[in-house]
Amino acid sequence: IVRRSMYTPRSVRALMKFALDSADKLPVSDLVIQDAEYSYSTEQIEFLKTEFGSLCAGLDICIQSFTGKPLEWLASDLYKHLRGLIGNGQVKLHAGVSYGNPDIALARFLYRIGFLEVRYPDGDRYEVRDVMRHPDHWKSVRTDDAVRWGVRSAFFNGLKAYRS
């Protein structure tokens, strides 16, 4: 699991607990692990909505708006998506949480709560910065298209529009 994802060690431990709790025998099958990933992911999404919803009106709509969309975004595409949510009144950061351009402030907020990560080009790879390893990075994140924003892997499965 660690090899094919960017889960934190704490996330891997929680995910494995989901898998072991739902397994009827060992070793745990791939299907049980896939179901555990889905359950873990949806639980993490619900946690964000519950924990941080009071800071952002429409946070649930904002997070669910990523369903069926790319999990990696050019900065300008992400800001355009977030501007649309803000512009039609579906999402609004509360006073004290936001400063500057509303779309960039919302992207930074989503970074600060752990939903998004920032990916900087580094040769043929990206340097990934998330709030767990770089908690103060949101203050200085670049806003040009050399930067990619990505939905953190803990939320991938919960954002699928359908399950196969």
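Look a little higher up for the structure.
Residues numbered from 1 in each chain as written. Predicted model: local features only at pLDDT ≥ 70, side-chain atom pairs only at ≥ 80, totals over all residues. Heavy atoms only, no water.

Trainee: Quick question: what am I supposed to make of the pattern of salt bridges here?
Mentor: Going through the model one piece at a time under the given rule, you end up with six salt bridges. In this structure, Glu72 engages Arg148 in a salt bridge whose closest nitrogen and oxygen atoms are separated by 3.7 Å. Placement of Glu72 in strand 2 (residues 72–74) and of Arg148 in strand 6 (residues 148–151) is noted, with a sequence separation of 76 residues between them. With a closest N to O distance of 2.4 Å, Arg83 and Asp103 form a salt bridge. Taken as a pair, Arg83 in helix 4 (residues 75–87) and Asp103 in helix 5 (residues 102–112) lie far apart in primary sequence, 20 residues in all. Looking at Arg83, the relative accessible area reads 45%, which means it is partly exposed. Each of Glu72, Glu117, Arg119 and Arg148 takes part in salt bridges that share partners, so that together they form one network. (Salt bridge = Lys/Arg side-chain N within 4 Å of Asp/Glu carboxyl O. Helix = DSSP H or I, 4+ residues; strand = E, 2+ residues; numbered from the N terminus. Buried < 20%, exposed > 50% of the residue type's maximum accessible area, 1.4 Å probe, protein only.)

Trainee: Teacher, can you tell me more about the pairing of strand 5 (residues 125–129) here?
Mentor: Where a strand is regular, its side chains alternate between the two sheet faces. As paired strands, strand 4 (residues 116–122) and strand 5 are joined by five bridges and run antiparallel to one another. If you follow Tyr120 over to strand 5, its bridge partner there is Glu127. In sequence, strand 4 turns back onto strand 5 through a hairpin of two residues, with Gly123 there showing a positive phi of about 70 degrees. (Pairing = 2+ DSSP bridges.)

Trainee: Teacher, can you tell me more about the packing of aromatic side chains here?
Mentor: The geometry of an aromatic ring pair comes down to the distance between the two centres and the angle between the two planes. This model, assessed by the stated rule, comprises six aromatic pairs. Considering the side-chain rings of Tyr79 and Trp149, the 6.4 Å spacing of their centres and the 70 degrees angle between planes classify their relative orientation as edge-to-face. In this pair, Tyr79 sits in helix 4 while Trp149 sits in strand 6, placing the two residues 70 residues apart along the sequence. On the basis of relative accessibility, which here comes to 6%, the residue Tyr79 falls in the buried class. Relative to Phe155, the ring of Phe115 lies with its centre 5.2 Å away and its plane at 50 degrees, an arrangement referred to as tilted. One end of the pair, Phe115, is in the loop between helix 5 and strand 4; the other, Phe155, is in the segment after strand 6, and 40 residues separate them in sequence. Residue Phe115 is classed as buried on the basis of its relative accessible area of 0%. (Phe/Tyr/Trp six-rings, centres within 6.5 Å; stacked < 30°, edge-to-face > 60°.)

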